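Descriptive structure summary
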Amino acid sequence: MMIRLACAAAALFLSACSPETPTESLPDEAASVVLTVPGLAPYIGVWDGEDGQLRQVFQIANGGAAVDACMLAPNEAGEWRVVSEGRYVAEGDEIRGSFTGEAMGFESLSVIGYPVGGDGGVDWVNTAVTADGEMITYETWAAPGGGLFTYVIERGEGVDRELWFAGQWRFRGDLEVSCD
């Protein structure tokens, strides 16, 4: 259960690797819409994680006022299915998100993001509600570059935080941006 929760917290932000060459080109939709959710423009598109077991999609919603996101995992037949989905919106300079999951180890996940560095980096506070109660993790996304972005997830408080998960996502400019 902890691994599923970590996958969920990680991603709506986690991993699955692809042999294709990454590209940094954003979908045409991202170039033609003013996105009002701070810091998420570099993430619009499809991303695969390192282990081939997860894929995440960030797509512009409500004319740029929100970003819909979903996490996909392969089913027994190897077909991608949505296992978590939700939406990011801006609240002042923060990014707020709310997600639900299926077989991800959480009932709900709420996130608060703080854009850093002006180049697409984001620091997150993730609160997952599970059958065992609430769990808070801290996540850092490094700004995308070279078709990749990295993440680090920690748990614990203050100086007692410990690394829980870390990895990277690879941009898949060859795939349609859709949670369907």
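Because the structure is predicted, anything quoted here is derived from the model rather than measured.

Looking at the side chain of aspartate 68
Looking at where aspartate 68 falls in the secondary structure, it is placed in strand S3 (residues 66-74). Judged by relative accessible area, aspartate 68 falls into the buried class, the value being 18%. A distance of 2.6 Å separates polar atoms of two side chains, one belonging to aspartate 68 and the other to arginine 87. With residues near it in sequence (within four places) discarded, aspartate 68 still touches Val57, Phe58, Gln59, Ala61, Gly86 and Arg87.

Concerning the nonpolar core
Looking at soluble globular proteins, one finds that nonpolar side chains tend to be buried together. The biggest cluster of nonpolar side chains holds 32 residues, and the ones touching the most others in it are Leu40, Tyr43, Phe58, Val67, Tyr88, Trp124 and Trp141. Core analysis: the second largest hydrophobic core is formed by five residues, Val46, Val57, Cys70 and Leu72 among them.

A few points about the pairing of strand S9 (residues 148-155)
Consecutive side chains of a regular strand alternate in pointing toward one face of the sheet and then the other. Where strand S8 (residues 133-141) and S9 come together, five bridges link them in antiparallel fashion. Opposite threonine 140, over in S9, you have valine 152 as the bridge partner. In textbook terms, the turn of a hairpin is the stretch between consecutive antiparallel strands, and for S8 and S9 this stretch comprises six residues, one of which, glycine 146, has a positive phi near 65 degrees. Two elements, S9 and strand S10 (residues 162-171), share eight bridges in a ladder whose sense is antiparallel. When the bridges of S10 are listed, glutamate 154 appears paired with leucine 163. Once S9 ends, the chain turns through six residues before running back antiparallel as S10, passing glycine 156 with a positive phi of about 105 degrees.

The rules we used
Residues numbered from 1 in each chain as written. Predicted model: local features only at pLDDT ≥ 70, side-chain atom pairs only at ≥ 80, totals over all residues. Heavy atoms only, no water. Helix = DSSP H or I, 4+ residues; strand = E, 2+ residues; numbered from the N terminus. Buried < 20%, exposed > 50% of the residue type's maximum accessible area, 1.4 Å probe, protein only. Polar contact = N/O pair within 3.5 Å; in protein donor to acceptor, adjacent residues only side chain to side chain. Contact = heavy atoms within 4.5 Å. Core = buried A, V, L, I, M, F, W, Y, C linked by side-chain atoms within 4.5 Å. Pairing = 2+ DSSP bridges.

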